[in-house]
Structure formats: structure tokens, C-alpha cells
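Examination of the molecular architecture
The lines below spell out each chain.
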Amino acid sequence: MPMDEVIRGIEQTDIENMQDVIQAAIKRYRELYPEWKILFLSAQVDATDEKSKAILKLVNEAEECLLYK
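Since we're looking at a predicted model, the values are computed, not measured. (Residues numbered from 1 in each chain as written. Predicted model: local features only at pLDDT ≥ 70, side-chain atom pairs only at ≥ 80, totals over all residues. Heavy atoms only, no water.)

**Topic: the overall build of the protein**
When helices and strands are tallied, the protein shows three helices and zero strands. For 69 residues, the compact-globule estimate of 2.2 N^0.38 gives 11 Å, and the protein exceeds it by more than 25% at 15 Å. For the protein, buried positions account for 6% of its 69 residues. Separation between the mean location of the 9 positive side-chain charges and that of the 14 negative ones in the protein comes to 8 Å. (Helix = DSSP H or I, 4+ residues; strand = E, 2+ residues; numbered from the N terminus. Rg over C-alpha atoms; globule rule 2.2 N^0.38 Å. Buried < 20%, exposed > 50% of the residue type's maximum accessible area, 1.4 Å probe, protein only. Lys, Arg positive; Asp, Glu negative; His and termini not counted. Charge placed at Lys NZ, Arg CZ, Asp CG, Glu CD.)

Next comes the structure, spelled out in C-alpha cells:
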């Protein structure tokens, strides 16, 4: 399957299948780059529980690092 079709399929993925797509991409990345660490973090931006707030803080810090690189 051509890569543009793969990308188009990902772009059209529904909410029920998105987690499977992300997990497959992470698995493949780990196979290709076993010496690298990879982590996918997500949380609702308006979350109120402490664990989600902690994840959001990490995401914001990572974004800042990328912006000021």
C-alpha cells in the first residue's frame, strides 16, 4: 500500500480505532529504533484530576523544550 494511502487512512480513522493506530505506530517505532525511548502522553486540557494535571504539565514542559530548541 502506498504511503499516501496509509496516511490518508490514519487521517480518516474514527475515535474507536485511533488508540489501535497509535499503539501500532509506537510498536513499529520501537522495532525500528530499539535503543530509543518513546512515550505517548495525552490528557484532556480541562482535566481536573491530579494524574491528568501531572501529565498535562509534562506535555507542556516537553512542548516548551521543543519551542526553545
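Having put the structure on the table, let's press on.
**Looking at the pattern of salt bridges**
Using the criterion set out here, one finds four salt bridges in the structure. Here E31 makes a salt bridge to K27, at a shortest N to O gap of 3.5 Å. Of this pair, E31 and K27 both sit in helix α2 (residues 15-32), separated by four residues, roughly a single helical turn. Linking E31 and R28 is a salt bridge whose minimum nitrogen-to-oxygen distance equals 3.2 Å. One end of the pair, E31, and the other, R28, are both in helix α2, three residues apart, so they sit about a helical turn from each other. When its relative accessible area of 44% is taken as the criterion, E31 is described as partly exposed. Among the ionic contacts, a cluster of salt bridges with common partners joins K27, R28 and E31. (Salt bridge = Lys/Arg side-chain N within 4 Å of Asp/Glu carboxyl O.)

**Quick look at the packing of aromatic side chains**
Tallying each qualifying case throughout the model produces two aromatic pairs. Where Y29 meets Y33, the ring centres are 4.8 Å apart and the plane angle is 40°; that geometry is what we call tilted. For Y29, a relative accessible area of 31% translates into the label partly exposed. Ring plane angle 65° and centroid distance 6.1 Å describe the contact between Y33 and W36, whose orientation is recorded as edge-to-face. For W36, a relative accessible area of 51% corresponds to the exposed category. Among the aromatic side chains, those forming a connected cluster through ring pairs are Y29, Y33 and W36. (Phe/Tyr/Trp six-rings, centres within 6.5 Å; stacked < 30°, edge-to-face > 60°.)

**What to know about the side chain of S52**
Position of S52 relative to the elements: it lies in helix α3 (residues 50-67). With relative accessibility at 17%, the residue S52 sits in the buried group. Look past the residues within four positions of S52 in its chain and what remains in contact with it is A43 and A47. (Contact = heavy atoms within 4.5 Å.)

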